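# Close look at the chain arrangement
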Amino acid sequence: MADEKDHPNGGGFTRRGLIKGLATTAVASATAGAAALAEERAKTDTAGAGLPVSITLNGAVKKGVFAPRTTLAEALRDAWGMTGTKVGCERGACGACTVLLDDLAVNSCLTLVHDADGRKVTTIEGLGSPEAMSPIQKAFVDADALQCGFCTPGMVVSCAGLLAKDPHPTTHAVKEAVAGNLCRCGTYTGVFDACAAAAKAGVNHG
């Protein structure tokens, strides 16, 4: 019986041969697919190793070579040591990574470093230092607008961006400016007061 099924016509074409051929074709196709995928990944890795970026970071020119998928937050923290930029959710929901890109507040975790090429980036370090705080930073301290402090750099940068374009914002405008900055400690009232105090004093982030 087995011989009849394997050699139904008594010739060279057999069921066993057909199954073997199909299996061989499937393996070959899978191998070719895996090879193509590996080649594509290799191209991506190779390309990622050689794309230069040059930005003006807090007033100084910074250069580096980054993979295409590198975010601005990663470059700031890992390559240029700007660890004041915090990374929380990594999906643009918490605002802890807020920086100014050409004076516009952006989530650096959602911005590719290559999109910042040739542009100006300002982080919390660029606003001032503990020894020489900017007016908006000092206003945060005076208003006690922080607790654990993780969200504070993003909050301060968002306020600085607002004050740079609107020196006398309304309370509604302040709330809108920090709407993307989440604070689990609930310091919002202090943040609003700090921004209002800085505006009343007639100063901006600079």
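Preceding this paragraph is the structure being described.
What counts, and at which threshold
Residues numbered from 1 in each chain as written. Predicted model: local features only at pLDDT ≥ 70, side-chain atom pairs only at ≥ 80, totals over all residues. Heavy atoms only, no water. Axes fitted to C-alpha atoms, helices over the stretch in contact; angles between N-to-C directions. Helix = DSSP H or I, 4+ residues; strand = E, 2+ residues; numbered from the N terminus. Parallel < 35°, antiparallel > 145°, perpendicular 65-115°, else oblique. Left-handed = near helix turned anticlockwise from the far one by under 90°. Contact = heavy atoms within 4.5 Å. Nonpolar A, V, L, I, M, F, W, Y, C, P; charged D, E, K, R; others polar. Buried < 20%, exposed > 50% of the residue type's maximum accessible area, 1.4 Å probe, protein only. Arc of directions from axis to C-beta.

## Overview of the packing of helix H5 (residues 135-142) against helix H8 (residues 188-200)
Running from N to C, H5 and H8 point in directions that differ by 135°, and their axes come no closer than 8 Å. In terms of axis orientation, H5 runs oblique to H8. When you trace H5 past H8, the crossing you get is right-handed. The residues of H8 that touch H5, namely those facing Ile-136, Ala-139 and Phe-140, are Val-191, Ala-194, Cys-195 and Ala-198. Of the residues that constitute the contact of H5 with H8, the class distribution is 7 nonpolar, no polar and no charged.

## Regarding H5
Three or more residues of H5 are buried, namely Ile-136, Gln-137, Ala-139 and Phe-140. Axial view of H5: buried residues confined to an arc of 160°, hence all on one face. Contacts made by the buried residues of H5 are with helix H4 (124-127), helix H6 (152-165) and H8. Remark: Asp-144 follows H5 within two positions and exhibits a positive phi of approximately 55°.

## Observations concerning the packing of H6 against H8
Running from amino to carboxyl end, H6 crosses H8 at an angle of 35°, the nearest separation of the two axes being 11 Å. The crossing of H6 and H8 is right-handed. Note on element contacts: H8 touches H6 through Tyr-188, Val-191, Cys-195, Ala-198 and Ala-199, opposite Met-155, Cys-159, Leu-162 and Leu-163.

## Observations regarding unusual backbone geometry
With a phi angle near 50°, Asn-58 is a residue other than glycine that sits in the positive phi range. Tracing the sequence through the fold places Asn-58 in the loop between strand E1 (51-57) and strand E2 (60-66). A residue is classified by how much of its surface remains accessible, and Asn-58, at 27% relative accessible area, is partly exposed. The backbone of Asp-102 shows a phi angle near 55°, a positive value even though the residue is not glycine. With respect to the secondary-structure elements, Asp-102 resides in the loop between strand E3 (98-101) and strand E4 (104-107).

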